[in-house]
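Residues per chain are reported as follows:
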Amino acid sequence: MKILMFFSALSAAQLSYSLSLPPTFQKCDKKKSDFNECLSQAIQNAIVHLDKPLEEYGLPSFEPFMLSSVSPRLGRKIDFEHTFKNYKIFGRTKISNTKANMNFYDKTLTIVITNPEIQYVFDYEAKGKMFLLPIDTSGPATVLSHNVTYTITFTFEEYTKDGKTHLHVIDDNLVMQPQELIFNFENLLEDKELNDGFNRAMNRKWKPIFNDLAPIYVANYGHAYAAIFNNFLSKVPLMELFDGV
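Being a predicted model, the structure only gives us computed values, none of them experimental.

Undergrad: Help me get a handle on the confidence of the model for the protein chain, residues and values and all.
TA: Residues at a pLDDT of 70 or more form 88% of the protein chain, whose mean pLDDT is 88. Of the regions scoring below 50 in pLDDT, residues 1-15 engages in zero contacts with residues more than four places distant in sequence or in other chains.

Set out below in structure tokens:
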């Protein structure tokens with residue numbers, strides 16, 4: 001019985017202990033004038049090193065970043081229902097520029113990251129009508145974006161665990177601005193020439209398509225990033241994230 005109690009206590013301790021920053025992550029001092037510049041570089045370095053998971057910190061690999069499914073609610077924008085599955089985002093760890101701003105008073109963190117090339121690879125299922133033709137199909141698809149800038153703002157609240165202050169994301173907002181999008185949906189229409197023509201038309205009109213539909217998809221990404229960030233924040237207290245707090 002004593003042995004069982006010992007292992008139970010050990011297990012509970014392992015679940016509740018806090019961690020320092022990973023050795024590959026950079027720690028910045030809140031009291032220094034160049035704090036946000038330091039934070040910008042630290043965030044970029046951290047993401048670059050997420051080409052493999054840091055399981056102890058609840059951080060998956062960002063190369064690729066994976067979502068099990070994306071099920072947008074499109075209303076009247078498109079006359080068919082569709083779901084994206086096995087969603088993989090490649091290129092998030094290849095960064096050309098990062099700018100971050102942490103506001104401790106408002107408890108917000110805004111990060112602006114530019115990636116030279118991002119590729120979205122997924123399987124789709126679609127049912128409804130397109131060009132007055134019935135659609136009931138599925139297949140692979142890719143979307144390639146060039147020089148895409150992501151601006152994400154996290155809003156935090158503070159809480160105490162084991163006597164230490166932690167941050168927790170309570171809201172997120174993600175905005176995506178690509179320089180170009182290239183679509184390729186395979187097998188959407190039975191006729192290959194018509195299907196290829198549809199993809200070409202999408203590519204010519206990518207800007208209005210993106211402006212209409214992107215917020216619906218991008219919200220899924222933002223929520224996923226917030227959930228992963230919270231895994232990390234639950235393990236690393238505020239005093240380990242920054243000096244001078």
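Undergrad: For the environment of F104, give the residues involved together with the corresponding values.
TA: Relative to the elements of secondary structure, F104 occurs in the loop between β4 (97-103) and β5 (108-130). A C-alpha to C-alpha distance of 9.5 Å links F104 and V245, two positions 141 residues apart in sequence. Sequence-distant contacts of F104, that is, excluding residues within four places in its chain, are made with K30, F35, F242 and V245.

Undergrad: Which residues make up the pairing of strand β6 (residues 133-161), and what values go with them?
TA: Relative to strand β8 (residues 180-185), β6 runs antiparallel, the two sharing six bridges. In the sheet register, L144 faces β8, and the bridge partner there is I182. Bridge count for β6 against strand β7 (residues 164-177) is 13 bridges, and the pairing is antiparallel. By the bridge assignment for β7, T160 is matched with T165.

Undergrad: Kindly report on the packing of aromatic side chains, identifying the contributing residues and their values.
TA: The full count for this structure, using the stated rule, is 20 aromatic pairs. Here the aromatic rings of F84 and Y87 are separated by 6.3 Å at their centres, their planes lie at 35°, and the arrangement is tilted. Exposure class is identical for F84 and Y87. Each is buried. Of the aromatic side chains, those joined through ring pairs into one cluster are F84, Y87, Y120, F122, Y124, F185 and Y221. Positioned over the ring face of F104 is K30, at 4.7 Å from the centre of the ring.

Undergrad: Residue-level account of the side chain of R92, with values.
TA: Residue position: R92 is located in the loop between β3 (80-90) and β4. Of the buried charged residues, R92 lacks a salt bridge, with E63 as the closest side chain of opposite charge at 7.7 Å. Within the structure, the side chain of R92 is placed 2.5 Å from the side chain of Y225, a separation counted as a polar contact.

Undergrad: For the environment of S96, give the residues involved together with the corresponding values.
TA: Within the secondary structure layout, S96 lies in the loop between β3 and β4. According to the relative accessible area criterion, S96 is partly exposed, its value standing at 48%. For S96, the residues in contact, after removing those within four places along its chain, are T114, N115 and P116.

Undergrad: Tell me about helix α3 (residues 192-204), and name the residues and values.
TA: With 13 residues, α3 should cover 18 Å at 1.5 Å per step; its first-to-last C-alpha distance of 18 Å lies within 8% of that length. Taken together, the buried positions of α3 are N195, F198, N199 and M202. Seen from one end, α3 has its buried residues packed into an arc of 95°, which puts them on one side. Those residues of α3 that are exposed and angled more than 90 degrees off the buried face are E193 and R204. In this structure D191 caps α3, since a side-chain oxygen of it lies 3.0 Å from the backbone nitrogen of E193.

Undergrad: Please give an account of the nonpolar core that cites residues and values.
TA: One finds Y120, F154, Y221 and F232 to be the most contacted residues of the largest nonpolar core, which totals 69 residues. Beyond its immediate sequence surroundings of up to four residues, Y120 is in contact with Y87, K88, I89, A141, T142, V143, S145, Y150, M176 and Y221.

Undergrad: Report on the state of the cysteines, specifying residues and quantitative values.
TA: Applying the stated rule across the entire model yields one disulfide. A sulfur-sulfur separation of 2.1 Å characterises the disulfide bridge that pairs C28 with C38. The sign of the -85° torsion about the S-S bond sets the C28-C38 disulfide as left-handed. Here C38 lies in helix α2 (residues 35-48) and C28 lies in strand β1 (residues 28-29), a separation of 10 residues in the sequence.

The rules behind each value
Residues numbered from 1 in each chain as written. Predicted model: local features only at pLDDT ≥ 70, side-chain atom pairs only at ≥ 80, totals over all residues. Heavy atoms only, no water. pLDDT = per-residue confidence, 0-100. Contact = heavy atoms within 4.5 Å. Helix = DSSP H or I, 4+ residues; strand = E, 2+ residues; numbered from the N terminus. Pairing = 2+ DSSP bridges. Phe/Tyr/Trp six-rings, centres within 6.5 Å; stacked < 30°, edge-to-face > 60°. Buried < 20%, exposed > 50% of the residue type's maximum accessible area, 1.4 Å probe, protein only. Lys NZ or Arg CZ within 6 Å of the ring centre and 35° of its normal. Lys, Arg positive; Asp, Glu negative; His and termini not counted. Salt bridge = Lys/Arg side-chain N within 4 Å of Asp/Glu carboxyl O. Polar contact = N/O pair within 3.5 Å; in protein donor to acceptor, adjacent residues only side chain to side chain. Expected span 1.5 Å × (residues − 1). Arc of directions from axis to C-beta. Core = buried A, V, L, I, M, F, W, Y, C linked by side-chain atoms within 4.5 Å. Disulfide = S-S within 2.5 Å.

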